[in-house]
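Analysis of the macromolecular model
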Amino acid sequence: MSEKPPASHDKVSRWDRPKPPRDWRWVVGGIGRTLITLGLMMFAFVAYQLWGTGIQTAQAQRSLSSEFDELIANTPAATTTIATTSTQPNTTVPVNDTVPLDTVAPTTTLAPVAPIAKPIPDAEAAVARLEIPRMGLNRIVVEGATASALTKGPGHFPETPLPGQLGNAAIAGHRTTHLHPFFDIDKMQPGDEIIVTTLNGRYVYHVTGTEVVGPDDYAAVIPTTDVTKATLTLVSCTPRYSASNRIVVHAELVPEQSDALTDAAPVAPVQDSPDPAVTLPDQGQVTVVDTVAPTASTEPGATPAKTTPDDTAAVETSPGGTAVQPTRPVEATPDAFSDGWFSDSSAIPQAIMWGLGLVAVAAGIYLLSRMARRYWVGVLAGFVPFIVVLYFFYENVNRLLPPNL
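Quick caveat, the model's predicted, so the values are computed rather than measured.

Cut-offs and rules
- Residues numbered from 1 in each chain as written.
- Predicted model: local features only at pLDDT ≥ 70, side-chain atom pairs only at ≥ 80, totals over all residues.
- Heavy atoms only, no water.
- Helix = DSSP H or I, 4+ residues; strand = E, 2+ residues; numbered from the N terminus.
- Expected span 1.5 Å × (residues − 1).
- Buried < 20%, exposed > 50% of the residue type's maximum accessible area, 1.4 Å probe, protein only.
- Contact = heavy atoms within 4.5 Å.
- Patch = residues over 30% accessible without salt bridge, like charges linked within 9 Å, V, L, I, M, F, W, Y side chains within 5 Å.
- Areas by Shrake-Rupley, 256 points an atom, 1.4 Å probe, with all protein chains shown as cover.
- Salt bridge = Lys/Arg side-chain N within 4 Å of Asp/Glu carboxyl O.
- Pairing = 2+ DSSP bridges.
- Axes fitted to C-alpha atoms, helices over the stretch in contact; angles between N-to-C directions.
- pLDDT = per-residue confidence, 0-100.
- Parallel < 35°, antiparallel > 145°, perpendicular 65-115°, else oblique.
- Phe/Tyr/Trp six-rings, centres within 6.5 Å; stacked < 30°, edge-to-face > 60°.

1. Concerning helix 3 (residues 347-372)
Between its terminal C-alpha atoms helix 3 stretches 37 Å, which fits the 38 Å expected from 26 residues at 1.5 Å a residue. Along helix 3, the positions that sit buried rather than exposed are Ala347, Ala351, Gly355, Leu358, Val361, Ile365 and Ser369. Buried positions along helix 3 lie against helix 1 (24-74) and helix 4 (375-399). Remark: Arg373 follows helix 3 within two positions and exhibits a positive phi of approximately 60 degrees.

In structure tokens:
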């Protein structure tokens, strides 16, 4: 009579079984296990890109929001005045009580002008708060459109004017990663409102249109084409989950709903000015115009004379007549759009280091399971360290890939 098989709890542990022969079945089994592991790692990497990248961005946005709110609270409404001279009749009575003599005397008054623009922000510092009701968006915009800057939030192209300045201010943002601020950018319609708050004021733009351009053609829609208008451009990738093209949303400032502009757009230098009395803009400098300042005369009926450039200070004005400040030079800066494979070479050694750490944690889980003769013991003890190391490994691997906006 044959013996009964041992009970389940009496079965030989996997760790005590004899090793299987290393034949073709062992090779095929090893290849299969390796492919399954790689497949799971790839699925986990996709999950990291869609949701894991938002962890770092959420932390950065909380910090930037507090920093920006504090700057707003501590920044007074900066307005300035300029002296203007006007002529008014001034009646004086001579000492000898003769008939009063009307003379022309200058009177100086103070006229309000646009607020002085704040200094250009540092790279990756908070520069504005961007609100788009259509997309339910409320994010802090940072200075710079590099891959590093866009991990913190939407990024302002440094070579373009700031929002609230004359010219075209351009902002880029992710669409699928890092909390995907521009996820619904394709839903923007003409007339939609875009609100941008900077240290200089609050500015409201209305969408005028949307277009799709090639991945290398975004530079054709970002530069300023009309220095007499304040416009805004939002840039991201399209279609969703792809970086094959760029979607560009154009908007124009609504002056009656916005604060005063602060300075002029940077424009390319123009040579051979036909009028020597006007200095053409050069590398962000605005037009300098001679002004007429009347002077007092000791003789009645005298007319003011035009001062020479040596007698008066230059007044910087915008095309609309508002006093403005010089802007930054027009110099293109690196941005995430130009990044390709292995653009961030500094991530290579870190990816290798965290990869070796991942192997070490996996080896520790195996050894602990073998010592305890139970798989779940090693998995339970090494799960958290494995996830943490895997996160930083993915973070550095992601830096080696072309950014997906």
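2. Focus: a nonpolar patch on the surface
A contiguous nonpolar patch, built from Trp26, Val27, Ile31, Leu35 and Leu38 and spanning about 490 Å² of accessible area, is present on the exposed surface. Take Leu38: it is sitting in helix 1. Look at Leu38 and you get partly exposed, because its relative accessible area is 49%.

3. Observations regarding the pattern of salt bridges
Summed over the entire model, instances satisfying the criterion amount to nine salt bridges. Where Asp69 meets Arg129, a salt bridge forms, and the shortest distance between an N and an O atom there is 3.0 Å. Here Arg129 lies in strand 3 (residues 126-132) and Asp69 lies in helix 1, a separation of 60 residues in the sequence. By relative accessible area, Asp69 is classed as partly exposed at 41%. For Arg129, a relative accessible area of 14% gives the class buried. Between Arg134 and Asp192 there is a salt bridge, with the nearest N and O atoms lying 2.9 Å from each other.

4. Considering the sheet that holds strand 10 (residues 245-253)
Pairing is mixed in the closed barrel, where eight strands are placed in the order 3-4-5-6-9-10-8-7. Looking at chain direction, strand 3 and strand 7 (residues 193-198) are connected through three bridges and run antiparallel. Bridge pairing in strand 7 places Glu131 opposite Ile195. Strands strand 3, strand 4 (137-143) and strand 7 of the sheet are contacted by helix 1, whose axis makes an angle of about 105 degrees with strand 3.

5. Observations concerning the environment of Ala170
In this fold, Ala170 is placed in strand 6 (residues 167-172). Here Ala170 falls in the buried class, since its relative accessible area comes to 0%. Counting along the chain gives 63 residues from Ala170 to Thr233, while the straight-line C-alpha distance between them is 4.6 Å. For Ala170, the residues in contact, after removing those within four places along its chain, are Gly155, His156, Phe157, Thr160, Ile222 and Thr233.

6. Some points on the confidence of the model for the protein
For the protein, the average pLDDT comes to 75, and 66% of its residues sit at 70 or higher. Mean pLDDT values for the elements of the protein range from 34 in strand 11 (residues 288-289) up to 96 in strand 7. Scored below 50 in pLDDT, residues 79-113 makes 55 contacts in the model with residues more than four places away or belonging to other chains. Taken together, the stretch residues 264-332 has pLDDT below 50 and engages in 111 contacts with residues farther than four places along the chain or on a different chain.

7. Comments concerning the side chain of Thr53
Along the chain, the position of Thr53 falls in helix 1. Classification of Thr53 by relative accessible area gives buried; the value is 1%. When sequence neighbours within four positions are dropped, the list of residues in contact with Thr53 reads Tyr48, Thr177, His178 and Asn398.

8. Description of the packing of helix 3 against helix 4
Their axes nearest at 8 Å, the elements helix 3 and helix 4 cross at an angle of 170 degrees. When the axes of helix 3 and helix 4 are compared, the pair comes out roughly antiparallel.

9. Here's the deal with the packing of aromatic side chains
What the rule picks out here adds up to eight aromatic pairs. Ring geometry for Phe45 against Tyr48: centres 6.1 Å apart, planes inclined by 25 degrees, an arrangement best described as stacked. Separated by three residues within a single helix, Phe45 and Tyr48 lie in helix 1, roughly one turn from each other. By relative accessible area, which is 14% here, Phe45 ends up buried. Overall, Tyr48 belongs to the buried group, its relative accessible area being 7%. A ring pair is formed by Tyr48 and Tyr391, whose centres lie 5.5 Å apart and whose planes are at 75 degrees; its orientation type is edge-to-face. With Tyr48 in helix 1 and Tyr391 in helix 4, this residue pair connects regions lying 343 residues apart in the sequence. Through a chain of ring-to-ring contacts, three or more aromatic side chains come together here, namely Phe45, Tyr48, Trp354, Tyr391, Phe392, Phe393 and Tyr394.

10. Quick word on the environment of Ala125
Examined against the element boundaries, Ala125 turns out to sit in the loop between strand 2 (101-112) and strand 3. When the C-alpha atoms of Ala125 and Gly155 are compared, they prove to be 9.7 Å apart, with 30 residues separating the residues in sequence. In contact with Ala125, not counting residues within four places along its chain, are Val141, Val142 and Glu143.

11. Looking at the pairing of strand 8 (residues 201-213)
Sheet topology places strand 7 next to strand 8; six bridges connect them, and they run antiparallel. Residue Val196 lies in a different strand from strand 8, and its bridge partner there is Tyr203. Between strand 7 and strand 8, which pair antiparallel one after the other, the connecting turn spans two residues. Alignment of strand 8 against strand 10, held across eight bridges, turns out to be antiparallel. Bridge pairing links His206 to Glu252 in strand 10.

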